[in-house]
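Here are the chains, one letter per residue:
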Amino acid sequence: MIEAGKKLPPFKLIGDDAKTYSSKDLAGQRAVLFIYPKDMTPGCTQEACDFRDALGRFSGKKVRIVGLSKLGPESKRKFKDKHSLPFLLLSDPDQAYLKKLGVVRKKNM
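Below is a short write-up of the structure. (Residues numbered from 1 in each chain as written. Predicted model: local features only at pLDDT ≥ 70, side-chain atom pairs only at ≥ 80, totals over all residues. Heavy atoms only, no water.)

## A look at the packing of aromatic side chains
- Applying the stated rule across the entire model yields six aromatic pairs.
- Relative to Phe51, the ring of Phe34 has its centre 4.5 Å away and its plane inclined at 15 degrees; by these criteria the two rings are stacked. In this pair, Phe34 sits in strand β3 (residues 30–35) while Phe51 sits in helix α1 (residues 42–53), placing the two residues 17 residues apart along the sequence. The exposure classification of Phe34 matches that of Phe51, with both residues buried.
- For the pair Phe34 and Phe87, a centre-to-centre distance of 5.6 Å together with 90 degrees between the ring planes defines the contact as edge-to-face. Here the residue Phe34 occupies a position in strand β3, and Phe87 occupies one in the loop between α3 (73–82) and β5 (88–91), the gap between them amounting to 53 residues. Grouping residues by exposure puts Phe34 and Phe87 together as buried. (Phe/Tyr/Trp six-rings, centres within 6.5 Å; stacked < 30°, edge-to-face > 60°. Helix = DSSP H or I, 4+ residues; strand = E, 2+ residues; numbered from the N terminus. Buried < 20%, exposed > 50% of the residue type's maximum accessible area, 1.4 Å probe, protein only.)

## A short note on α3
- For α3, every residue scored as buried is listed here: Lys76, Phe79 and Lys80. Seen from one end, α3 has its buried residues packed into an arc of 95 degrees, which puts them on one side. Counted as exposed and oriented over 90 degrees from the buried face of α3: Asp81 and Lys82.
- On its buried side, α3 packs onto α1, β4 (63–69) and β5.
- Two residues or fewer past α3, Ser84 is found with a positive phi of approximately 50 degrees. (Arc of directions from axis to C-beta. Contact = heavy atoms within 4.5 Å.)

Written out as structure tokens, the structure reads:
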């Protein structure tokens, strides 16, 4: 897993707006990338809404918030609209980038 404060590996991912975003779009900015398993699940919804509700604390420090999960852009758009999430949500359906970050694990239930 990547450590806090380290640069993210390069990426090209689709956003909730169906546009392609790359690591270059975050270049020169401080950002918090929060990773969550799925849109619309109770825990993930709470996490995203917590970031939404705390946005003022981050924007005052000029920190950009970005969410990332494995579900597609359409799911991201619905999730964003339903919960009024004011930040970019990125999609990694094949989980290639999530694996690169070391955050994909087998379920152990």
